[in-house]
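Structural overview for review
Each chain, written out:
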Amino acid sequence: MAPLLTKLLHLLPLLVALAIAGAMPCEAQQKSIDKLKQQKTAATRQINEANKKLKANTRETARQLSRLEGLRADMQRQNQVIADARQKADSVSTAIVRLNDTIDRMSADLDNLRKAYGSALRRMQSMAHPANTLSYILAADNVEQGYRRLRYLRQFSKWRQRKSRQVTEARNQLAVRREELAAMSRDRVDALQRLDVATRKLKSQQAETETLVASLKKEEVNLRALLRESELKKQKLDKEIDRLITAEQERQAKARREKAQREKERKAAERAKQNSGKPGSTTKPATPASPKPSTPEEREADADRALSGSFASNKGNLLFPVAGRYTIVKRFGRQPHPELRHVETDNSGIDIETGGAATVRAVYEGTVSAIFRQPGFNTIVMVRHGEYITIYAGLGSISVKNGQSLKAGQAIGTVAADPEQNNRYIFHFEIRKERTKLNPLDWVR
């Protein structure tokens, strides 16, 4: 609609000229001109209104798309909560079964112990009184038998005390196990409640997601336009990163050539000085030769590889670029779009959402090689680790400067709220080996 109105608007001056040139009375010509002006004003107003509606629709589509991505991230978290709660409930249930078996065995042992102890006490009940005990000793046939009876009574007293302690300890252990069982039962109830809450929340999010997906499919034109704009921003970022890496490589190569040339000139000067003292020797100025892919360059490359070797040897164990809770909302590489058929998105790294302005940290020791800004990515910091490079994009405030050496875990900046993503805190992270893009999830944990 808007292009057609624009063309008509361009044709209005010609129509006015033709109307004036016609053989009409002056009054009729004036009325025609006024009518054309009114039509022009109405057409302009319609075009402006159409553009406003288009922009409003585009903004709403962007808002819904961001909400959808946020819902997917929340659903991913809820799925993890559900998995953890289910695992917790299952493990507690297994532990409760084992503990119940232990309690049953301990209860049986305690009953047997009590019965044996009670039976022994009943047998010796007649000698419980001191007078009976003395009579039992004095009734002995001789002194030796009386001594044996006295020793037996002492041993029985110790046995009784020991058995009494065993009964008390068994009873206390059984009480502890029953307390553990009660605590485990409460943990299981809590886990099941978390599971129920997370499941209901997930179902609600799934229903909202389905509604948003249906709404976005109706705005497929706007959605495709937004995706194209997002892809263009990513391509611009890729080009700028490639340009910076290439420029840095050229500076390093130039520095190596200059160093090699200086070393060659120094050696030539030393040889000339040694030859100047010999009779008949003539000193000729050294003719500079074009540098070849020489040994110094290879040694320098080996040094770089040695540095990056430390980085590479930690593959799979590098620090995650943020501490605390996070959600990966977009993964590395080409992936089919979840709503649009036959549409793929390409990501040079991973997009990470945090709950707020989280601190972004260096995944490994290195040197800040570039700091720049890019539309859609706010502030970007590049850190070099030998021949490997890590890229941190979407930063608000930064706490580093170009050329600064960083330690592993050192703060680089904070994640910025993205107004184009409903002020969600999302930042982009990449790992490259020079210009080759690597999947960060293979390197960090």
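Let us look at the structure shown here. Not measured: the values here are computed from a predicted model.

**Observations concerning the overall build of the protein**
Along the protein, the regular secondary structure elements total six helices and 13 strands. Looking at the protein residue by residue over its 445 residues, the buried ones come to 32%. Residue pairs in contact within the protein that sit at least 24 positions apart in sequence constitute 71% of those at least 6 positions apart.

**Overview of the nonpolar core**
In this structure, F311, V363, Y392, I412 and F429 are the most contacted members of the largest nonpolar core, which totals 28 residues. For this core, the elements supplying multiple residues, two or more each, are β4 (350–354), β7 (378–385), β8 (388–398), β10 (411–415) and β12 (424–433). With sequence-adjacent residues up to four places away left out, F311 is seen in contact with L318, V363, Y364, H385, Y388, T390, I431 and W443. Counting twelve residues, the second-largest nonpolar core is a separate cluster that includes I241, A370, F377 and I391.

**Some words on the side chain of D351**
Within the element layout of this structure, D351 appears in strand β4. For the buried residue D351, which engages in no salt bridge, the nearest side chain bearing the opposite charge is K330, 4.4 Å off. Those residues in contact with D351 that sit more than four places away from it in its chain are T327, I328, V329, K330, I426, F427 and H428.

**Structural notes on the packing of aromatic side chains**
Under the counting rule described, the total for this entry stands at six aromatic pairs. With a centroid separation of 5.0 Å and 25° between ring planes, the pair formed by F311 and Y388 is classed as stacked. Taken as a pair, F311 in helix α6 (residues 295–313) and Y388 in strand β8 lie far apart in primary sequence, 77 residues in all. For the residue pair F311 and Y388, the accessibility class agrees, reading buried in each case. Aromatic ring contacts, followed pair by pair, group F311, Y364, Y388 and W443 into a single cluster.

**Observations concerning the side chain of S369**
As for its placement among the helices and strands, S369 is situated in strand β6 (residues 366–374). Its relative accessible area of 16% is what places S369 among the buried residues. Ignoring sequence-local partners within four residues, the contact set of S369 consists of E248, M382, V383, R384 and N402.

**Comments concerning the pattern of salt bridges**
This structure, assessed with the given rule, holds twelve salt bridges. As a salt-bridge pair, K437 and D238 come within 3.2 Å of each other at their nearest N and O atoms. Placement of K437 in strand β13 (residues 436–438) and of D238 in helix α5 (residues 220–275) is noted, with a sequence separation of 199 residues between them. Salt bridges linked by common partners bring D238, D242, E430, R432, R435 and K437 together as one network.

**Structural notes on the environment of L195**
Relative to the elements of secondary structure, L195 occurs in helix α4 (residues 143–218). Given a relative accessible area of 15%, L195 falls into the buried group. Sequence-distant contacts of L195, that is, excluding residues within four places in its chain, are made with I82, A85 and R86.

**Brief notes about unusual backbone geometry**
With phi around 55°, N378 is a residue other than glycine that occupies positive phi space. Within the secondary structure, N378 is located in strand β7. In this structure, E434 takes a positive phi of about 55° despite not being glycine. Considering the arrangement of structural elements, one finds E434 in the loop between β12 and β13.

Quick notes on the rules
Residues numbered from 1 in each chain as written. Predicted model: local features only at pLDDT ≥ 70, side-chain atom pairs only at ≥ 80, totals over all residues. Heavy atoms only, no water. Helix = DSSP H or I, 4+ residues; strand = E, 2+ residues; numbered from the N terminus. Buried < 20%, exposed > 50% of the residue type's maximum accessible area, 1.4 Å probe, protein only. Contact = heavy atoms within 4.5 Å. Core = buried A, V, L, I, M, F, W, Y, C linked by side-chain atoms within 4.5 Å. Lys, Arg positive; Asp, Glu negative; His and termini not counted. Salt bridge = Lys/Arg side-chain N within 4 Å of Asp/Glu carboxyl O. Phe/Tyr/Trp six-rings, centres within 6.5 Å; stacked < 30°, edge-to-face > 60°.

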